[in-house]
Amino acid sequence: MSTRGINFLDQWIANNIPETTKADVISVDEITHKLFGDAKSVGIKREEIDEEVDSLYRTILDAIVHYDAGAPE
């Protein structure tokens, strides 16, 4: 388990999902790509994030649908 992976994911979602993001496959894919790029730039591997959630797609989609600026779920 990676505490830093889940902490990064929570903080990243709170800071990087705009209120205007659409809840569609393309938007989630673009956000996921940016997430992994940002994680890599701070030394966090994809596996550290993937192992912390059942479905990263669903996690990001939920964050878009239940948008609350600056507050991780």
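Residues numbered from 1 in each chain as written. Predicted model: local features only at pLDDT ≥ 70, side-chain atom pairs only at ≥ 80, totals over all residues. Heavy atoms only, no water.

1. Topic: the overall build of the protein
Part 1 of the argument: Counting secondary structure elements, the protein contains four helices and zero strands.
Part 2 of the argument: Going from N to C terminus, the protein has its helices and strands arranged as α-α-α-α.
Part 3 of the argument: Buried residues in the protein amount to 34% of all 73 residues.
Part 4 of the argument: Within the protein, contacts between residues separated by at least 24 positions form 71% of all contacts whose residues are at least 6 apart in sequence. (Helix = DSSP H or I, 4+ residues; strand = E, 2+ residues; numbered from the N terminus. Buried < 20%, exposed > 50% of the residue type's maximum accessible area, 1.4 Å probe, protein only. Contact = heavy atoms within 4.5 Å.)

2. A short note on the packing of helix H2 (residues 25-41) against helix H4 (residues 56-65)
Part 1 of the argument: Orientation of H2 relative to H4, taken along the N-to-C sense of each, is 110°, at an axis distance of 10 Å. Overall, the two elements H2 and H4 adopt an arrangement that is roughly perpendicular. Residues Val25, Val28, Ile31, Thr32, Leu35 and Phe36 of H2 touch H4, and the partners they reach there are Leu56, Tyr57, Ile60, Leu61 and Ile64. (Axes fitted to C-alpha atoms, helices over the stretch in contact; angles between N-to-C directions. Parallel < 35°, antiparallel > 145°, perpendicular 65-115°, else oblique.)

3. Regarding the side chain of Glu48
Part 1 of the argument: Along the chain, Glu48 turns up in helix H3 (residues 46-50).
Part 2 of the argument: Glu48 gets classed as buried once you look at its relative accessible area, which sits at 15%.
Part 3 of the argument: Reaching out from Glu48, the side chain makes a polar contact with the side chain of Arg4 at a distance of 2.7 Å. (Polar contact = N/O pair within 3.5 Å; in protein donor to acceptor, adjacent residues only side chain to side chain.)

4. Describing the pattern of salt bridges
Part 1 of the argument: The final tally for this structure, using the stated rule, is three salt bridges.
Part 2 of the argument: The shortest N-O distance in the salt bridge between Asp38 and Lys34 comes to 2.9 Å. A residue pair is termed a helical-turn pair when its members lie 3 or 4 positions apart in one helix, as Asp38 and Lys34 do in helix H2 at four residues.
Part 3 of the argument: By relative accessible area, which is 24% here, Asp38 ends up partly exposed.
Part 4 of the argument: On the basis of relative accessibility, which here comes to 41%, the residue Lys34 falls in the partly exposed class.
Part 5 of the argument: As a salt-bridge pair, Arg46 and Asp50 come within 3.0 Å of each other at their nearest N and O atoms. Of this pair, Arg46 and Asp50 both sit in helix H3, four residues apart, roughly one helical turn. (Salt bridge = Lys/Arg side-chain N within 4 Å of Asp/Glu carboxyl O.)

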